[in-house]
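Structural characterization, general
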Amino acid sequence: MPDRLKPVILGSSAALGGDRSSGERPDADLLEGLNPPQLAAVTYRGPALLIVAGAGSGKTRVLTHRIASLLRGREAWPSQILAITFTNKAAGEMRERVQQLIGDSAQGMWISTFHSACVRILRREAQQFGFTKNFTIYDSGDSRALIKRLVKEHEADAFGLTPAGVQSRISKLKNELADADSYARQANMSDPAERVFVELFSAYQAALQRANAFDFDDLIGQTVYLFRAFPHVADVYRKRFRHILVDEYQDTNHAQYALIHELTRPVQGSSGDSFSAGGMMIFEPETAPEVEGASLTVVGDSDQSIYAFRGADIRNITEFERDYPGAQVVLLEQNYRSTQNILSAANAVIANNFDRKDKKLWTDVGAGDAIVGFTGYSQHDEAQFVADEIEALHRASMPYSQMAVFYRTNSQSRALEEIFIRAAIPYKIMGGTKFYDRAEIKDALAYAVAVANPADELAVRRILNRPRRGIGDVTETSIARYAAEQQITFRDALANASALGVGPKIQAAIAQLDAVLAEATEIMLPASGEIAPPTAVTQGLSVLLNKSGYMDALRMSRDPQDEARLENLDELIAVTREFARNNPEGTILDFLTEVALVADADDLDDESGTVSLMTMHTAKGLEYDAVFVTGVEEDLIPHRISANEPGGPQEERRLFYVALTRARKRLHLSLAMTRAQFGEVSAAMPSRFLQEIPHDLIDWRQSPGDVNSRGGMQSRALNGRRSGGSGGGFGGSGKRYGDDLVPLPRREKTGDIAKFANRIPAKVRDNGDLELGPGDRIRHDDFGEGRVDAVTGEGAKRVAHVRFDSAGAKKLLIKIAPIVKL
DNA sequence: AAGTTTAGGGTTTTT
DNA sequence: CCCTAAACTT
C-alpha cells in the first residue's frame, strides 16, 4: 500500500539547489575570503561530505558558512537543519555565528549536542515505549549510586564485581548498542561472574525504566532503539532533517554513529497517517513515494581524536568513505591560527603516529617566535617559571585572558595555583570538580526531581534523610517494603506514614517531608492544569529547601564548610532566576534537563582578565595567544597508565598535539626534574615527545641537560639569569620551594571562583590588615628582603609590588603572602 | 543513627 | 598528599 501519499516537498538540495551555481549567487558574500578547499566545503551539494579539518583550519567558519549558504539560497528551511556539536558551548557559538551571518532566519534550527537533541526527541516520544515525558536524566553519579545498591543486593562483590567496574562495562556496552540480552547471548555464561554481571545489567535497566529515567548513554542508545523499533517515528525525523552536520566527528562513538545513520536513511514509502509527533511542525504538503536520505556533513580530524578511552571510535571517520559511498572529501590544511614554528613542532610530533593519513598543517604568517623550553627542579620551580613568564607577557601588554596553562592531570593544577596566588596572577580553573557535582547541589536537585518525576525512587531515597530526620536504613527499608506491598511508588508511600509501622517521631518527619513535596508540586506543577508562572521553579525550590529544614540545618551547623554550601545553594536559586529570565515558559522539567546536560565548562566564557588553567583534554577546541604546556614528562604525557593500553601511547601523542596546536603566537613547554606525587618525590624524565620536536625550534631557558649536568641542588639563578630578566632566581641560596610553602586557601577545583563561592574557608595564613605603603621594607620567606614600590587593589585583594634585593620585582597578595614588615 | 577512625587508592571527561 | 568509603565507636 505504498504510494497513495501526498508527495513531500522538502526544499532539499536536490529540489532546489541543483544548478544554483550559475549566475549570481545569493550567498556570494558568504564565500568571500574562503580558500579553495573551504569554498568547496561550503558549496558542495550531495548526499555526503567529509571535511577533514586540521587544527585551526577554520572549520567552524566553514560549517557556519555552509549552513548560512543553505538557508540563504532557500535550499533548506531552518527547521530542516540539524547541527551536532560536542559541547553546549560550541553549539551556542555556532548558533550565534550563523545568526550573525543571516539574522533571525536562523530561528528554528536544531543546533545542539547529541545528548540535547536526543532528549528533545525522547521527551516527545517517550510514551511510545513505556516512559513518560517527565523522565529524569541520571548523570554518572546517579547511576553509580544505583549500581552500587544493586551490587550490594546481588552480592556481586563476591564475584569480584565492583560498582565502578560494572558501571564502566555497562557504559561501554551501551556505547556499542548492546543490551543485557544481546550481551548474554555472546558472553561466556558458564562463568558465574558473567551471569551475575548480566543479571546486574538487566536489573539496572529495569530500575531505570521503573524510575522513568535514562542515563547519559541511554539518551543516545534508546533513541536509536526507538528509531529502529518504531520506523514511523523515525520517519518523522528523517523527513524533517534534510541537512545533518556533525562536528568533532572523530570523537563520536558507535551509538552516535548509528543515530546519525538512522537519521540519514531514505524514507521508504511511508505509511500515510499524519503523525502528529508531539505537535511538531512537519513540512509535508504532498508526498513522494520515497524521500531520499538527508544530506550529511561531518567534520573531523583523526589527529585530534582523544576520547577513545570513553568509546570514541576513530573508525567512524577513517571509514566514512566506505560507509557513505560517493562521499566527497575535502581536506583543510591551511592553518590560520598558529605560527609556523608551532605548526612545525606539532607536525613533527604527530608524524610519529604511523596509522594516519599524512597531513601537514601550514601557514603563511611566518615562523614567529621560538618555542620556549624550561626545566625546573621541582613542580613549584616550574610553576614559578610559568608565573614569571605570564607576568612578563602581561607587562608586554598581552591580556591575561589570552593565556592558558595546560596539564595532563588535574592534580598538577595545585602547584600552579599555589604559585599564582602568591604572584597575584588572576586565574580560573576550567573543568575539574563541578558545581553540579557538589553534594548540596545534588541534594537540592534531588528534591526538585522528587517533584518533577515522583517515580524516581533514587531521588526520593536521597532526600529521605537530608537534612537529618532520624530516618535510617531500617525506616528506608520499611518504606520500600510498604510500597511493594501496596503496589505504589516509594514516593506515594510517604503519604501514608502512619501505616509504616515506625515510631511516631519518624512518622511525623515523613509526613512533614511529604507535605513539603506536595506543596512544592502544587507550585511547580499545579494540578489545576493552569500553567505555572515563570517564578514557579525559583519559588518551588526555595519552598523545598526552606520548609524541609535543609537550609536551617546548614545555618545551624558549625562546620565552616557549610557556610560555603549555603552560598552554593543561593547560587543555585540565582541560577533558577536566570533560567526563568531566559525561558519564561520553562518548567521545572526544562530546568532539570538544562542542568543535567550543561557542563560547568560550558558557561565559562572567556571572562575578562584571567589566565585559564585546564587539562589538555579540556583545551580541545580552544585557542590562546600564549600557551604553557606543563609537566612534559614521561609518565605524565604519555601517561603511565596509557603504556599498557592498545593505542594508548598514540592517543597520548594526539593529546599532546592538540595541546600544542592551541597556541597562536607563543608556546612554552616546561617540565620538572622531580615531581611529588602521592606525597612522594620522585625523579621525572623528559617526555619522549620532546625528542620528537626538531631541536632548533626550542629555545631552552633551562634544558633538561643543564639541570642534570649541574646537579639538582644548584640555584636556577645560575642558568636562569639569561632569561630576559623575568626568570628571577632566588638569590643563589639554593633554597627550594617545598615543605616550607605556606598553607594556602583550600579551594575546590571549580570553574568560576567568585561565581560559585567555592572557596571553602580554611585556616590560612592571614596577614589581615597588614598596612603596607611605598618605601616599607619587608621580608619574604622565599624571596628574602625587599622594598615595597606600590600597593594596589582593595581589601582582601590588595597587592604589594615589591622589589626584592636579590630576587627582583614581584607582585604579592598581601593577605596571604609569607611576608613580615620590617 | 550519627560521629570518628582507618584503610585504600588515586588518568584523561562530555553529556 | 588528599580524598573517599568502609569499619568501628558512641
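The rules behind each value
Residue indices follow the written sequence of each chain, beginning from 1 at its first position. Both sets of labels track the order of writing: A upward for chains, 1 upward for ligands. Note on the predicted model: pLDDT of at least 70 is required for a residue's local features to be given, and 80 or more for side-chain atom pairs to be given and counted; whole-chain, interface and lining totals, by contrast, use all residues. Only hydrogens and water are set aside; all other atoms, that is, all heavy atoms of the structure, feed into the side-chain values. UniProt positions are given in the numbering used here, feature names are shortened, and annotations may be inferred rather than shown by experiment. Domain borders in the structure are assigned automatically or taken from a domain database. Contacts: residue pairs with any heavy atoms within 4.5 Å of one another. Joining two parts hides part of their accessible area as seen by a 1.4 Å probe, and the buried area is that hidden amount summed over both. A 3.5 Å cut-off defines polar contacts: any pair of N or O atoms within that distance qualifies, except that in protein one atom must be a possible hydrogen donor and the other a possible acceptor, and neighbouring residues in sequence count only when both atoms are side-chain atoms. Only runs of H or I of at least four residues qualify as helices and only runs of E of at least two qualify as strands under DSSP, and these elements are numbered from the N terminus. Residues are grouped as follows: nonpolar covers Ala, Val, Leu, Ile, Met, Phe, Trp, Tyr, Cys and Pro; charged covers Asp, Glu, Lys and Arg; every other residue, Gly included, is treated as polar. Within this scheme a cavity is a closed region of a 1 Å grid, computed over the protein atoms alone, that accommodates a 1.4 Å probe without allowing it to escape, whereas a pocket is open but has protein on both sides within 12 Å along at least five of seven lines; lining residues each have an atom within 4 Å of a point. Grid points are joined across faces, edges and corners, and a volume is the space filled by probe spheres set on the points. Residue burial is assigned from relative accessible area. The probe radius is 1.4 Å, only protein chains are included, and a residue is buried under 20% of its type maximum, exposed over 50%, and partly exposed in between. We call two strands paired when DSSP finds no fewer than two bridges between them. Note on definitions: angles span 0 to 180 degrees between N-to-C directions of axes, and those axes are lines fitted to C-alpha atoms, for helices only across the stretch in contact.

The name given to chain A in an unreviewed UniProt entry is DNA 3'-5' helicase, with Microbacterium radiodurans as the source organism. Quoted verbatim from the Sequence similarities (unreviewed entry) field of the UniProt record, the comment on chain A reads "Belongs to the helicase family. UvrD subfamily."

What to know about the domain arrangement of chain A
Examined at the domain level, chain A breaks down into domain 1 (30-125 + 225-269 + 290-332), domain 2 (136-211), domain 3 (371-434 + 609-709), domain 4 (436-600) and domain 5 (776-821). Centre-to-centre separation of domain 1 and domain 2, based on C-alpha positions: 33 Å. Between domain 1 and domain 2, the residue contacts involve 9 residues of the former and 6 residues of the latter. Contact between domain 1 and domain 2 buries roughly 550 Å² in total, counting both sides, with carbon and sulfur atoms accounting for 55%. For the interface between domain 1 and domain 2, the tally reads 1 residue pair in polar contact (both at pLDDT 80 or more). For the side of domain 1 that touches domain 2, the elements supplying multiple residues, two or more each, are α6 (114-125) and α13 (254-263). For the side of domain 1 that touches domain 2, the element with the most residues is α13, which contributes 3 residues. Split by residue class, the side of domain 1 that touches domain 2 holds 4 nonpolar, 2 polar and 3 charged.

With respect to empty space enclosed by the protein
Which parts of space are left empty comes out when a probe the size of a water molecule is rolled across the atoms. Enumeration according to the criterion identifies 5 cavities of 30 Å³ or more in this entry. The space that makes up the largest cavity amounts to roughly 60 Å³. Counting only elements with at least two residues in the lining of the largest cavity, the list comes to α17 (379-395) and α18 (413-423). With 3 residues, α17 is the single largest residue contributor to the lining of the largest cavity. For the lining of the largest cavity, the residue count by class is 3 nonpolar, 4 polar and 2 charged.

A look at unusual backbone geometry
The peptide bond linking R466 to P467 adopts the cis configuration, its omega dihedral lying at 0 degrees. Inspection of the secondary structure assignment puts P467 in the loop between α20 (457-464) and α21 (473-486). P638 follows I637 through a cis peptide bond whose omega is 5 degrees. You can see P638 is positioned in the loop between β13 (624-629) and α29 (648-660). Positive phi, normally seen in glycine, also occurs at R74, with a value near 55 degrees. Counting through the fold element by element, R74 comes out in the loop between α4 (59-72) and β2 (81-85). Residue R74 is classed as exposed on the basis of its relative accessible area, which comes to 57%. Positive phi outside glycine occurs at D635, with the angle close to 80 degrees. By the secondary structure assignment, D635 is in the loop between β13 and α29.

Notes on the sheet that holds β13
Read across the sheet, 7 strands follow the order β11-β12-β10-β13-β14-β9-β17 without closing on themselves; strand pairing throughout is parallel. With partners counted over all chains shown, the strands left at the sheet margins are β11 (427-429) and β17 (698-702), one partner each. For this sheet the average axis-to-axis angle between neighbouring strands, irrespective of direction, equals 20 degrees. Judged from the 3 bridges that link them, β11 and strand β12 (residues 611-615) form a sheet pairing that is parallel. Along β12, the bridge assignment pairs Y427 with V611.

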